[in-house]
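Letter by letter, the chains look like this.
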Amino acid sequence: DAEWLDVATLCNRLAFDPDQKSVPWHGFTVRGVDAYATVPTASERIFIIDNDANLILPYGGSDAVLDPGVNATGRAVDEILTADWFATRLQERTAALVVAHGDRGEKIVIDKTGQRKVLAVINGLLDQGVAAGHFVAGHTSAVAEEITSTDLDTREMRFTIRGQLAVSARLFEFNCYFSRDPIADDAA
C-alpha cells in the first residue's frame with residue numbers, strides 16, 4: 001500500500017506521445033516502485049489476473065515488470081487509449097476544418113464534396129494511427145453514409161469508421177520437438 005504502482009505506471013506509459021507511438025501497457029519495467037517482498041505464488045498470480053488487477057513480477061531480467069496491463073474491467077489499457085486518442089484527435093481536426101472553412105467564408109456543404117473533405121481528415125488520422133502502431137496496416141476504413149433528408153434537416157454528416165487494433169502480444173506458447181534423428185526434409 002505504500003508503493004505508488006498506479007502513478008508510476010501512468011508516468012511511464014504517458015511519457016510516450018500517442019500521436020507518435022502506441023505503447024503496450026504490459027511487459028515493461030516499472031521504475032520507482034519496489035518489487036514485492038514476497039513474489040506471489042502461481043495460484044495468487046492467477047487469482048490477481050483473473051480479477052482484472054495488474055501486478056509486477058520479475059521477468060526478462062527485470063525485478064518489476066507490469067502485467068497484464070488492464071483496467072478494472074479487464075480491458076487492455078492500450079486499446080482504450082487508442083480509442084480515446086482517435087476520438088479526441090478526430091474531434092479536434094474536424095473542428096479545425098470547420099473553423100478554417102468558416103474563417104474563409106466557406107461552407108462545408110452536405111454533399112459528396114463536403115463528405116470528401118471530412119473523409120480526408122478521417123483517413124489522414126487513420127494513416128497516422130497505423131504509422132504510430134494503433135491500427136493494423138491495410139485494415140482501416142472510413143465510409144461516408146448516404147445523405148438523407150434528415151441529415152439535411154439536422155445539418156449533419158454521418159460516417160462509419162472501422163479499424164483493426166494492433167493488439168500487443170503478452171503470452172507466448174512454443175511447441176518444441178527435439179530428437180536424435182534427422183529432421184525430414186519436407187521439400188524433397
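Structural data are supplied above this passage.
A brief structural summary. Just so it is clear, the structure is predicted and the values come from calculations on it, not from any experiment.

Bringing helix α4 (residues 112–132) into the picture now. The end-to-end C-alpha distance of α4, which contains 21 residues, comes to 30 Å, matching closely the 30 Å that a straight helix rising 1.5 Å per residue would cover. For α4, the set of buried residues is G114, Q115, V118, L119, V121, I122, L125, L126, Q128, G129 and A132. Among the structural elements, α3 (77–103), β3 (135–144) and β4 (159–165) are those in contact with the buried residues of α4. The N-terminus of α4 is capped by D111, whose side-chain oxygen sits 3.1 Å from the backbone nitrogen of T113. Directly after α4, the chain includes G133, whose backbone phi takes a positive value near 90°.

Time to look at the packing of α3 against α4. Here α3 crosses α4 at 145°, and the two axes come no closer than 10 Å. Relative to α4, the crossing made by α3 is right-handed. Residues W85, F86, R89, L90, R93, T94, L97 and H101 of α3 touch α4, and the partners they reach there are K117, V118, V121, I122, G124, L125, L126, Q128 and G129. Each residue belonging to the contact of α3 with α4 can be placed in one class, and the counts come to nine nonpolar, five polar and three charged.

Time to look at the environment of R75. You can see R75 is positioned in the loop between β2 (62–67) and α3. What makes R75 partly exposed here is its relative accessible area of 46%. Remark: the alpha-carbon pair of R75 and D52, spanning 23 residues in sequence, is separated by 8.3 Å. With near-sequence residues (within four places) excluded, R75 lies in contact with G69, V70 and I80.

Below, the discussion takes up the layout of surface pockets. Empty space within the largest pocket amounts to approximately 370 Å³. As for the largest pocket, its lining consists of 17 residues, of which T94, V98, I108, V118 and M157 are closest to the centre. Secondary structure elements with two or more residues in the lining of the largest pocket: α3 and α4. Residue contributions to the lining of the largest pocket peak at seven residues, all from α3. Considering only enclosed or pocket space, the second largest pocket measures out at about 270 Å³ in volume. Considering the residues around the second largest pocket, the lining is formed by 13 residues, among which R45, Y59, V65, D67 and R170 are closest to the centre. Residue assignment for the lining of the second largest pocket shows that the elements contributing at least two residues are β1 (55–59) and β2. Considered class by class, the residues forming the lining of the second largest pocket number eight nonpolar, two polar and three charged.

Scoring rules and cut-offs
- Residues numbered from 1 in each chain as written.
- Predicted model: local features only at pLDDT ≥ 70, side-chain atom pairs only at ≥ 80, totals over all residues.
- Heavy atoms only, no water.
- Helix = DSSP H or I, 4+ residues; strand = E, 2+ residues; numbered from the N terminus.
- Expected span 1.5 Å × (residues − 1).
- Buried < 20%, exposed > 50% of the residue type's maximum accessible area, 1.4 Å probe, protein only.
- Contact = heavy atoms within 4.5 Å.
- Polar contact = N/O pair within 3.5 Å; in protein donor to acceptor, adjacent residues only side chain to side chain.
- Axes fitted to C-alpha atoms, helices over the stretch in contact; angles between N-to-C directions.
- Left-handed = near helix turned anticlockwise from the far one by under 90°.
- Nonpolar A, V, L, I, M, F, W, Y, C, P; charged D, E, K, R; others polar.
- 1 Å grid on protein atoms, 1.4 Å probe; cavity = no way out; pocket = protein on both sides within 12 Å on 5 of 7 lines; lining within 4 Å.
- Points joined across faces, edges and corners; volume = space filled by probe spheres on them.

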